Amino acid sequence: MTARIIDGKKIAAGIREKLKQKIAALPSAPQLAIVLVGNDEPSLIYVRNKQKAAAQIGLPSQLHHLDENISEEELLKIIAQLNADSEINGIIVQLPLPKHLNTNRIINAISPLKDVDGFHPYNTGMLQNNEKPYFIAATPLGVMQLIRSVSPNLSGKNVVLIGASLIVGRPLATLLLNQECTVSITHAQTRKIKELTSKADILVAACGVAKLVKADWIKENAILIDVGINRENGKLCGDIDFEDVKEKALAITPVPGGVGPMTIAMLLSNTVDAYLLHHPGL
Ligand code: GUN
């Protein structure tokens, strides 16, 4: 049987519609500040998509598009200004940053109370401790919703994550562990990777290698979540070879139209949560 398509685009549209109604009922609109350094081509596209989606639900965003040669001190000063600006509820610094900037130092400078990307060590640490962080990273939150749309009960599931990034693999592993999954994280040095992936009830690919995962990597009736966005001969594709696996998997997210729209919807949801955090009377 052909795998069920997990329609992230549709699920995300539903979330955005609910957020739009929620924002309309607030006394003022939540505001998002986006810091973009340089002109990394995919980042320009992601930021444009985030701003467009925000505007559509009545959430204004301000873009701080900075020169790629900006110094760390200048960038830290801008973040400090945004931290102090009571009109701003959420701050994101689009990654990757140019090589001369220390990403951890920049992320650590964002107020944890405005860190709607959930990357600050306060927020990642609280998640790790199975306590409530202010914010959880948007892509892992979106992936959890997509998995739950197929498999509401996660307790005891074998999950394999391909990729150990700060943005996806690590926080997602923690979220799944907190739901009583047995989680393996693989990375570029993992040996006999297929022995691991072929035992996964749920497989999440987030490694940025086009069509890496083939049918012989997966278990029959696995749930497949593809976080990859790669370009092959001008066409977008994921880290999973969709055509190769579609007859063997139970369900799979498409690229585009799977995880991508969910990431944006969860970022907007975090920004609305930030507004509520900053207006405790509401
Ligand atoms: N680069 C790729 N994904 C993300 C994300 O979710 N947030 C930020 N800030 N940068 C990214």
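Reading the values: the criteria
- Per chain, the residues get numbers from 1 upward, laid out in the order the sequence is written.
- Given that this is a predicted model, residues contribute local features only at a pLDDT of at least 70 and side-chain atom pairs are listed and counted only at 80 or more, while totals for whole chains, interfaces and linings are drawn from all residues.
- Hydrogens and water are ignored here; the side-chain numbers use all heavy atoms of the structure.
- Consider each residue's heavy atoms; a residue with any of them within 4 Å of a molecule or strand counts as near.
- Each polar contact in these results corresponds to two N or O atoms within 3.5 Å; when the atoms are within protein, one needs to be able to donate a hydrogen and the other to accept it, and residues that are neighboring in sequence are counted only if both atoms are side-chain atoms.
- A 1.4 Å probe and the Shrake-Rupley method give the accessible areas. Residues count as covered only by the protein chains that appear here.
- Residues are called lining when one of their atoms sits within 4 Å of a cavity or pocket point, these points coming from a 1 Å grid over the protein atoms alone, where a cavity is a set in which a 1.4 Å probe fits but cannot get out and a pocket is an open set with protein on both sides within 12 Å along at least five of seven lines.
- Pocket occupancy is defined atom-wise: a molecule lies in a cavity or pocket when more than half of its atoms are within 2 Å of its grid points.
- Here the nonpolar group is Ala, Val, Leu, Ile, Met, Phe, Trp, Tyr, Cys and Pro; Asp, Glu, Lys and Arg are the charged ones; every other residue, Gly included, is treated as polar.
- Interaxial angles span 0 to 180 degrees and are taken between N-to-C directions of axes, which are lines fitted to C-alpha atoms, for helices over the stretch in contact.
- Only DSSP runs of H or I reaching four residues or more are called helices, and only runs of E reaching two or more are called strands; each is numbered from the N terminus.
- Geometric relationships in this document are graded by angle, where less than 35 degrees denotes roughly parallel, more than 145 denotes roughly antiparallel, 65 to 115 denotes roughly perpendicular, and other angles denote oblique.
- Left-handed describes a crossing in which the near helix is turned anticlockwise from the far one by less than a right angle; the clockwise case is right-handed.
- Every residue pair with non-hydrogen atoms within 4.5 Å of one another is taken to be in contact.
- Note on pairing: two strands pair once DSSP finds at least 2 bridges between them.
- Grid points are joined across faces, edges and corners, and a volume is the space filled by probe spheres set on the points.
- Burial here depends on accessible area, computed with a 1.4 Å probe over protein chains only, as a share of the maximum for the residue type. Under 20% is buried, over 50% is exposed, and the range in between is partly exposed.
- Counting rule applied: Lys, Arg positive; Asp, Glu negative; His and chain ends not counted.
- We define a salt bridge as a side-chain nitrogen of Lys or Arg found within 4 Å of a carboxyl oxygen belonging to Asp or Glu.
- Put simply, a nonpolar core is a bunch of buried Ala, Val, Leu, Ile, Met, Phe, Trp, Tyr and Cys residues held in one set by side-chain atoms that sit within 4.5 Å of each other.

Asks: Hey, could you run me through the site of the ligand in this one?
Replies: Around the ligand, the structure places Lys50, Val93, Gln94, Leu95, Asp117, Phe119 and Ile167. Within the contact set of the ligand, a nitrogen atom lies 2.9 Å away from a backbone nitrogen or oxygen of Leu95. Protein burial of the ligand: of its 280 Å² of free accessible surface, 85% is covered by the chains. Among the detected pockets, the ligand sits in the largest pocket. Of the residues assigned to the shell around the ligand, the class counts are four nonpolar, one polar and two charged.

Asks: I keep staring at the packing of helix H2 (residues 41–56) against helix H10 (residues 259–278) and nothing clicks. Help me out?
Replies: Each packed pair of helices is defined by two parameters, the angle between the axes and the distance between the axes. Contact geometry for H2 and H10: axes closest at 10 Å, N-to-C directions at 55°. Accordingly, the angle class assigned to the pair H2 and H10 is oblique. When you trace H2 past H10, the crossing you get is right-handed. Contacts between H2 and H10 involve Asn49, Lys50, Ala53 and Ala54 from the first element and Ile264, Leu267 and Leu268 from the second. Here the residues of the contact of H2 with H10 sort into five nonpolar, one polar and one charged.

Asks: For this particular structure, what's the right way to read the sheet that holds strand S5 (residues 158–162)?
Replies: Either a parallel or an antiparallel arrangement is found when strands of a sheet pair, and the pairing is made through backbone hydrogen bonds. Spatially, the six strands line up as an open sheet ordered S1-S11-S8-S7-S5-S6, and their pairing is parallel. On the outer flanks of this sheet lie strand S1 (4–5) and strand S6 (182–186), each paired with one strand and no other. As defined by bridge partners, S5 adjoins S6 across five bridges and the pair is classed as parallel. Residue Val159 lies in a different strand from S6, and its bridge partner there is Val183. Of the strands in this sheet, S1, strand S7 (202–205), strand S8 (223–226) and strand S11 (251–252) touch helix H6 (residues 138–150), which is tilted by about 155° from S8.

Asks: I tried to follow the layout of surface pockets on my own but got confused; where do I start?
Replies: Taking a probe equal in size to a water molecule and rolling it over the atoms shows the remaining empty space. Taken as a whole, the largest pocket holds about 1500 Å³ of empty space. In this structure, the largest pocket is lined by 50 residues; those nearest its centre are Tyr46, Val227, Ile229, Gly260 and Thr263. Among the elements that make up the lining of the largest pocket, the one with the highest residue count is H2 (ten residues). Considering only residue class, the lining of the largest pocket consists of 27 nonpolar, 13 polar and ten charged.

Asks: What am I meant to see in the side chain of Lys114 here?
Replies: Residue placement: Lys114 occurs in the loop between helix H4 (103–109) and helix H5 (121–128). Comment: no salt bridge for buried Lys114; closest opposite-charge side chain is Asp85, at 6.0 Å. At 2.9 Å, the side chain of Lys114 and the backbone oxygen of Asn83 are in polar contact. A polar atom in the side chain of Lys114 sits 2.8 Å from the backbone oxygen of Asp85. If we skip the residues at most four places from it in the chain, Lys114 touches Leu82, Asn83, Ala84, Asp85, Ile88, Asn89, Gly90, Ile91, Phe135 and His278.

Asks: Would you explain the nonpolar core in this entry?
Replies: As a rule of thumb, soluble globular proteins bury nonpolar side chains together. Counting residues in hydrophobic clusters, the biggest one holds 50 residues, and the most contacted among them are Leu176, Val204 and Ile225. One finds Val93, Leu101, Ile110 and Phe119 within the second-largest nonpolar core, a separate group that totals 21 residues.

Asks: What is the right way to look at the environment of Val159 in this model?
Replies: Relative to the elements of secondary structure, Val159 occurs in strand S5. Spatially, the C-alpha atom of Val159 lies 7.7 Å from that of Val204, the residues being 45 residues apart in sequence. The residues touching Val159, leaving out its near neighbours within four places in the chain, are Leu176, Cys181, Thr182, Val183, Ser184 and Ile202.

Asks: Explanation requested: the pattern of salt bridges in the structure shown.
Replies: Under the definition given, this model contains seven salt bridges. Between Glu73 and Arg105 there is a salt bridge, with the nearest N and O atoms lying 3.3 Å from each other. With Glu73 in helix H3 (residues 72–84) and Arg105 in helix H4, this pair connects stretches of sequence that are 32 residues apart. Put simply, Glu243 and Lys246 hold a salt bridge, and the shortest N to O gap is 2.7 Å. A residue is classified by how much of its surface remains accessible, and Glu243, at 53% relative accessible area, is exposed. The structure contains a network of salt bridges with shared partners spanning Glu72, Glu73 and Arg105.

Nothing here speaks to function; it is all geometry.
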